[in-house]
Amino acid sequence: MPSQLTRARVLAQYRGHWLVASEADEPPQLLTARGRLTETPITGDWVGVDEGGAIAHVYNRTGTIIRRVPGEQGKPVSAQILAANVDLALVTEPLPEPKARRLERFAALAAAGGVPVALALTKTDLVDDGYLTAAQLARRMGVADAFDVSAVTGEGIDAVRSLLTPGTTAVLLGASGTGKSTLVNALLGEDRMKTGEVRASDRRGRHTTVTRELLTLPGGAQLIDTPGIRVAGLWDGTGESFADVDTLAEHCRFVDCEHRTEPGCAVRDAIDPERLAAWRKLQRELAWVEDRRAAQRQRDEWHKQITRHMRANPKR
Ligand SMILES: Nc1nc2c(ncn2[C@@H]2O[C@H](COP(=O)(O)OP(=O)(O)OP(=O)(O)O)[C@@H](O)[C@H]2O)c(=O)[nH]1
Ligand SMILES: [Zn+2]
């Protein structure tokens, strides 16, 4: 690592460029990377900028949101890091009929990366008792913080703000159309104009391929939006998001109990059947992913060995 590096945060990524803000109160700059980095910088990353003004290092990440990229049949499975160095995931789902299955999936995605979860049920203006639904879902999922919010009436926005203390980096996670961007706008208030397309233009013109952007909220917290996610495949476990099932499962008679009809099962009668079905479905998905990943690792190892062998025995 070169000696003189300035620490800076990646606000957004473009093709071969990154919008980066140093800790000092300077305007963000569009930078390129120096040579080959060990990691490709992504939104939320802390990077080291060298004296020539290029990204030369990506610091270790804590709290990452990683999903499996929807792949074609027969193609290798791969992962995509959606956000780095995140302290809180606000998982969104709209009222009047929030889908528990989607909430559980996004919560698992966050938990797998070591990120605590809060629920934000949007569009509460469409119902009378959104707070009840939020409380029930939170209880069932073992989530401490849950809010029903409305960008139309402003209800619940302050409650969400109370979690977004200065220095916190939060990410909005949820399916397309669940109200993430609208919530961002509500939290930003009038500051919205300073962000987005305005900042993403420079001498070379406008960079319109904004995908995930780290924004600074008026209160001093950072927020990353993740627009347009259709499929949120799991990649590496479900973290602590099914702690209820995992804890009870320790008391099942069989270690590989699937909590169906096995005798001495401690989970089946204690967990909501739909939640248990969701757990099973995600476990099956993870088993499939792990199989594919193991097969790919084996193939990679093979290729390495062949290459090594050919290098050691060049044709004469
Ligand atoms: N009634 C009502 N409608 C809302 C509220 N929040 C969002 N909507 C509407 O829901 C739709 C989807 O909201 P978006 O904020 O674009 O959803 P998103 O999650 O950002 O979607 P992607 O960008 O595709 O991921 C829009 O038509 C919003 O106007 C709300 O609090 N109340
Ligand atoms: Zn069991």
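Refer to the structure presented above.
Keep in mind it's a predicted model, so treat the numbers as computed, not measured. (Residues numbered from 1 in each chain as written. Chains lettered and ligands numbered in written order. Predicted model: local features only at pLDDT ≥ 70, side-chain atom pairs only at ≥ 80, totals over all residues. Heavy atoms only, no water.)

Caption draft 1: Highlighting the pattern of salt bridges. Evaluation of the coordinates by the stated rule reveals 15 salt bridges. A salt bridge links Arg61 to Glu39, with the shortest nitrogen-to-oxygen separation between them at 3.4 Å. Of this pair, Arg61 sits in the loop between strand E5 (55-58) and strand E6 (65-68) while Glu39 sits in the loop between strand E3 (29-31) and strand E4 (46-49), placing them 22 residues apart in sequence. According to the relative accessible area criterion, Glu39 is partly exposed, its value standing at 40%. Across the pair Glu93 and Arg102 runs a salt bridge whose closest N-O atoms are separated by 3.0 Å. (Salt bridge = Lys/Arg side-chain N within 4 Å of Asp/Glu carboxyl O. Helix = DSSP H or I, 4+ residues; strand = E, 2+ residues; numbered from the N terminus. Buried < 20%, exposed > 50% of the residue type's maximum accessible area, 1.4 Å probe, protein only.)

Caption draft 2: How the structure looks around the sheet that holds strand E10 (residues 145-148). Strand order across the open sheet formed by six strands is E10-E9-E8-E11-E15-E14, with mixed pairing between neighbours. Because the sheet does not close on itself, it has two edges, and the strands there are E10 and strand E14 (214-216). For this sheet, the mean angle separating the axes of adjacent strands, direction not counted, is 25 degrees. Running over the sheet, helix H1 (residues 100-112) touches strand E8 (88-94), strand E9 (117-122) and strand E11 (169-173) and is turned about 170 degrees from E8. (Pairing = 2+ DSSP bridges. Axes fitted to C-alpha atoms, helices over the stretch in contact; angles between N-to-C directions. Contact = heavy atoms within 4.5 Å.)

Caption draft 3: Highlighting the nonpolar core. One finds Ile65, Phe106, Leu119, Val171 and Leu173 to be the most contacted residues of the largest nonpolar core, which totals 48 residues. For this core, the element with the highest residue contribution is H1, accounting for seven residues. Beyond its immediate chain neighbours, meaning those up to four positions away, Phe106 contacts Val91, Leu173, Gly174, Ala175, Ile229 and Ala232. Counting 19 residues, the second-largest nonpolar core is a separate cluster that includes Ala118, Ala170, Leu215 and Leu217. (Core = buried A, V, L, I, M, F, W, Y, C linked by side-chain atoms within 4.5 Å.)

Caption draft 4: Region of interest: the coordination of the zinc ion (ligand 2). Those donors, Cys252 (SG), Cys257 (SG), His259 (ND1) and Cys265 (SG), are the protein atoms that reach the zinc ion (ligand 2), and they lie 2.2 to 2.4 Å from it. In this structure, the zinc ion (ligand 2) is surrounded by four donor atoms whose angles at the metal cover 101 to 117 degrees, and the resulting shape is tetrahedral. The motif formed by the donor residues of the zinc ion (ligand 2), counted along the single chain, is C-x4-C-x1-H-x5-C. What makes Cys257 buried here is its relative accessible area of 7%. Taking the relative accessible area as the measure of exposure, His259 reaches 2% and is therefore buried. (Donors = N, O, S within 2.8 Å, 3.2 Å for Na, K, Ca; no water. Tetrahedral: all angles 85-135°; square planar, octahedral: opposite > 155°, others 65-115°.)

Caption draft 5: Highlighting the pairing of E5. As paired elements, E4 and E5 share three bridges and run antiparallel to each other. Looking at E5, one finds that Gly48 is bridged to His57. The turn joining E4 and E5, which pair antiparallel and follow one another in sequence, is formed by five residues; a positive phi near 80 degrees is taken by Gly53.

Caption draft 6: Structural context of unusual backbone geometry. A cis amide bond links Leu95 with the next residue in sequence, Pro96, at an omega value of 10 degrees. Relative to the helices and strands, Pro96 is located in the loop between E8 and H1.

Caption draft 7: Region of the structure containing the site of ligand 1. Neighbouring ligand 1 are 16 residues, the closest being Asp125, Ala151, Ser176, Ser181 and Thr182. Between a nitrogen atom of ligand 1 and a side-chain N or O atom of Asp125, the distance comes to 2.7 Å. The side chain of Ser181 places a nitrogen or oxygen atom 2.8 Å from an oxygen atom of ligand 1. Computed on the free molecule, ligand 1 has an accessible area of 660 Å², of which 68% lies beneath the protein chains in the complex. Of the residues in the shell around ligand 1, the class split is five nonpolar, eight polar and three charged. (Near = heavy atom within 4 Å. Polar contact = N/O pair within 3.5 Å; in protein donor to acceptor, adjacent residues only side chain to side chain. Areas by Shrake-Rupley, 256 points an atom, 1.4 Å probe, with all protein chains shown as cover. Nonpolar A, V, L, I, M, F, W, Y, C, P; charged D, E, K, R; others polar.)

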